Amino acid sequence: LLGIQNSLPTTGSLNIFPNPCHGGQNLTIETNGMNGECDLTIMNNIGQVVYQEKVVATEGAPILTGKQMMLANGMYTVVLTGEMKKHTARFIVAD
């Protein structure tokens, strides 16, 4: 069987710090390899969206800085989706 792959290129990266963070406080996310308007989504470890925002990405510059989010302890996935690219990274929230 032949399939059609319908995914976006993932070249580049996301930098998330601090990691681990305390309760999602002062979370900073930067991107390398993506520019322009993007959708930023943060999901918990069971795939529920806990945060979503449209952002403007500039390579090497923070797209989210010092954001105060009250997140429970656990692992979270950040997905940044642009017009032609998709970046994914994980971070941990711990007390």
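Residues numbered from 1 in each chain as written. Predicted model: local features only at pLDDT ≥ 70, side-chain atom pairs only at ≥ 80, totals over all residues. Heavy atoms only, no water.

Visitor: Please clarify how unusual backbone geometry should be interpreted in this entry.
Guide: Backbone geometry follows two general trends: most residues other than glycine have a negative phi, and most peptide bonds adopt the trans configuration. Here the residue pair Phe17 and Pro18 is connected by a cis peptide bond, since its omega of -5 degrees sits within 30 degrees of zero. By the element assignment, Pro18 lies in the loop between β1 (13-17) and β2 (27-32). Along the chain, Asn19 connects to Pro20 via a cis peptide bond; the corresponding omega equals 10 degrees. Assignment of secondary structure puts Pro20 in the loop between β1 and β2. (Helix = DSSP H or I, 4+ residues; strand = E, 2+ residues; numbered from the N terminus.)

Visitor: Is there a simple way to explain the pattern of salt bridges in this structure?
Guide: Two side chains carrying opposite charge are able to pair once their charged atoms lie near each other. For the structure shown, the criterion picks out 1 salt bridge. The shortest N-O distance in the salt bridge between Asp39 and Lys54 comes to 2.7 Å. With Asp39 in strand β3 (residues 36-43) and Lys54 in strand β4 (residues 49-57), this residue pair connects regions lying 15 residues apart in the sequence. A relative accessible area of 31% means that Asp39 is categorised as partly exposed. Lys54 gets classed as exposed once you look at its relative accessible area, which sits at 56%. (Salt bridge = Lys/Arg side-chain N within 4 Å of Asp/Glu carboxyl O. Buried < 20%, exposed > 50% of the residue type's maximum accessible area, 1.4 Å probe, protein only.)

Visitor: Sorry, what's going on with the environment of Ile29 here?
Guide: By secondary structure assignment, the location of Ile29 is in strand β2. Residues in contact with Ile29, not counting those within four places in the same chain, are Leu14, Asn15, Ile16, Leu40, Ile42, Pro62, Ile63, Leu64 and Val78. (Contact = heavy atoms within 4.5 Å.)

Visitor: Quick question: what am I supposed to make of the sheet that holds strand β5 (residues 62-67) here?
Guide: The strands that make up a sheet are held in pairs by hydrogen bonds between backbone atoms, and each pair lies either parallel or antiparallel. Taken together, 3 strands build an open sheet; the order of strands is β1-β2-β5 and the sheet is antiparallel. The open sheet has two edge strands with one neighbour each: β1 and β5. In this sheet, adjacent strand axes meet at a mean angle of 15 degrees when their direction is disregarded. Summarising the sheet, β1 and β2 pair through 5 bridges and their orientation is antiparallel. When the bridges of β2 are listed, Ile16 appears paired with Ile29. (Pairing = 2+ DSSP bridges. Axes fitted to C-alpha atoms, helices over the stretch in contact; angles between N-to-C directions.)

Visitor: What's the story with the packing of aromatic side chains in this structure? I'm lost.
Guide: By convention here, two paired aromatic rings are described through the distance between centres and the angle between planes. In total, this model carries 1 aromatic pair according to the counting rule given. Geometrically, the ring pair formed by Tyr76 and Phe91 is stacked, given 5.5 Å between the ring centres and 20 degrees between the ring planes. Placement of Tyr76 in strand β6 (residues 74-81) and of Phe91 in strand β7 (residues 86-93) is noted, with a sequence separation of 15 residues between them. Of the two residues, Tyr76 and Phe91, neither departs from the other in class, the shared state being buried. (Phe/Tyr/Trp six-rings, centres within 6.5 Å; stacked < 30°, edge-to-face > 60°.)

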